[in-house]
Structure formats: structure tokens, C-alpha cells
Amino acid sequence: MYSITKEVYFCYGHRLMNHPGKCRHIHGHSVKAAITVVADTLDEQGMVCDFSSIAAAAAEFIETELDHNFLLHRDDPLVPLMEQAKQRFMALPEHPTSEYLAKLIHDFFKAKGYRVRDVTLWETSSSCASYSET
Ligand SMILES: [Zn+2]
């Protein structure tokens, strides 16, 4: 099986409201998402797919929706305050962990028709979380 991986860099703010440590406080990350797409055979250009195709899809979701956004669990008491202050944010049905963000990115690419093997989100240079369906 062939695979290619495209790395995409973006930033976001969040907090993990039930975290026992410092992650319960508002903070931000500059992250790298590595999106791996697979194929059993190569296309007419000898590729799994063009890297620029993945980059364009990433721009559609990651750059537009996630980058420089503030990610909160929908039950976070900060949600009404963000609305009141007219601040940009995204309310999620799960805690905004790197694990869940990897799944969100995976699901977006899958819905676009990509055969995604996994998405890995590097929250720091030594810590990453991955999501795959297998
Ligand atoms: Zn964090």
C-alpha cells in the first residue's frame, strides 16, 4: 500500500475545563497536523494524490475553521462570555484535546473523499495524538 503524508501548521487557543492541572486555564498552541492518505494503486500521474490537493483541503477546514480560533467544549461556562464579548470561538461536543482535533481533521478529509489512514496532531515537539479508524 502506498501512503503520503502532508504536514500542516496552525495555532489555536483552548482550555480543558475538567483538567486537574494547568490545562484548565486558557492557553494556546502552535501545532503540526500530519495527514496520511493511502492508496492501493497510484493515479495516472504516479501519485497517491497531489500534495497540493491535501493542502487545498486543509486550507478549507484547518486554516478557515481551526487556525487562530478558540476551541471550547460546548458546556464550558466561557461560551456565553465569548458570545457576549463577540469573540470568535468554536464550541465542540467533546473536550478540545489534540486527540479530538485529530479526529475532527480525519473526519473532514474522509468526508471530502480522501482515504485517510491517520491524522497525527503534534501539540508540542514531544507530544502528539493520533486518530485512525483501524
Ligand atoms: Zn492545551
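Going by the structure above, here's the rest.
Description of the structure in this document. (Residues numbered from 1 in each chain as written. Predicted model: local features only at pLDDT ≥ 70, side-chain atom pairs only at ≥ 80, totals over all residues.)

## Section: the pairing of strand β2 (residues 27–39)
Next up, step 1: Pairing geometry for strand β1 (residues 2–14) and β2, over 13 bridges, is antiparallel. Looking at β2, one finds that Y9 is bridged to K32.
Next up, step 2: As judged from the six bridges shared by β2 and strand β5 (residues 116–124), these two strands associate in the antiparallel manner. Bridged to A33 within β5 is L121. (Pairing = 2+ DSSP bridges. Helix = DSSP H or I, 4+ residues; strand = E, 2+ residues; numbered from the N terminus.)

## Quick look at helix α3 (residues 98–111)
Next up, step 1: In this model α3 runs 20 Å from its N-terminal to its C-terminal C-alpha over 14 residues, within 8% of the 20 Å that 1.5 Å per residue would give.
Next up, step 2: When we look at burial in α3, the residues that qualify are S98, L101, A102, L104, I105, H106, F108 and F109.
Next up, step 3: Looking at the buried positions of α3, the neighbouring elements they touch are β2, α1 (51–66), β5 and β6 (127–131).
Next up, step 4: Just downstream of α3, G113 is the residue with a positive phi angle, here 100°. (Expected span 1.5 Å × (residues − 1). Buried ≥ 20, exposed ≤ 12 C-beta atoms within 10 Å, placed from the backbone. Contact = placed C-beta atoms within 7 Å.)

## Digging into the sheet that holds strand β3 (residues 69–73)
Next up, step 1: The six strands lie next to each other as β4-β3-β1-β2-β5-β6, forming an open sheet whose pairing is mixed. Either end of the sheet is taken by a strand with one partner, and the two such strands are β4 (90–92) and β6. Pairwise comparison of adjacent strand axes, ignoring direction, gives a mean angle of 35° for this sheet.
Next up, step 2: Contacts from α1 reach β1, β2, β3 and β4 within the one sheet, and its direction differs from that of β1 by about 15°.
Next up, step 3: On top of the sheet, α3 reaches β2, β4, β5 and β6; it is set at about 145° to β5, its chief contact. (Axes fitted to C-alpha atoms, helices over the stretch in contact; angles between N-to-C directions.)

## Structural notes on the pairing of β6
Next up, step 1: Bridge analysis of β5 against β6 gives five bridges, and the strand direction is antiparallel. Within the sheet, the bridge partner assigned to T124 lies in β6 and is S127.
Next up, step 2: Counting the residues that bridge the hairpin from β5 to β6 gives two residues.

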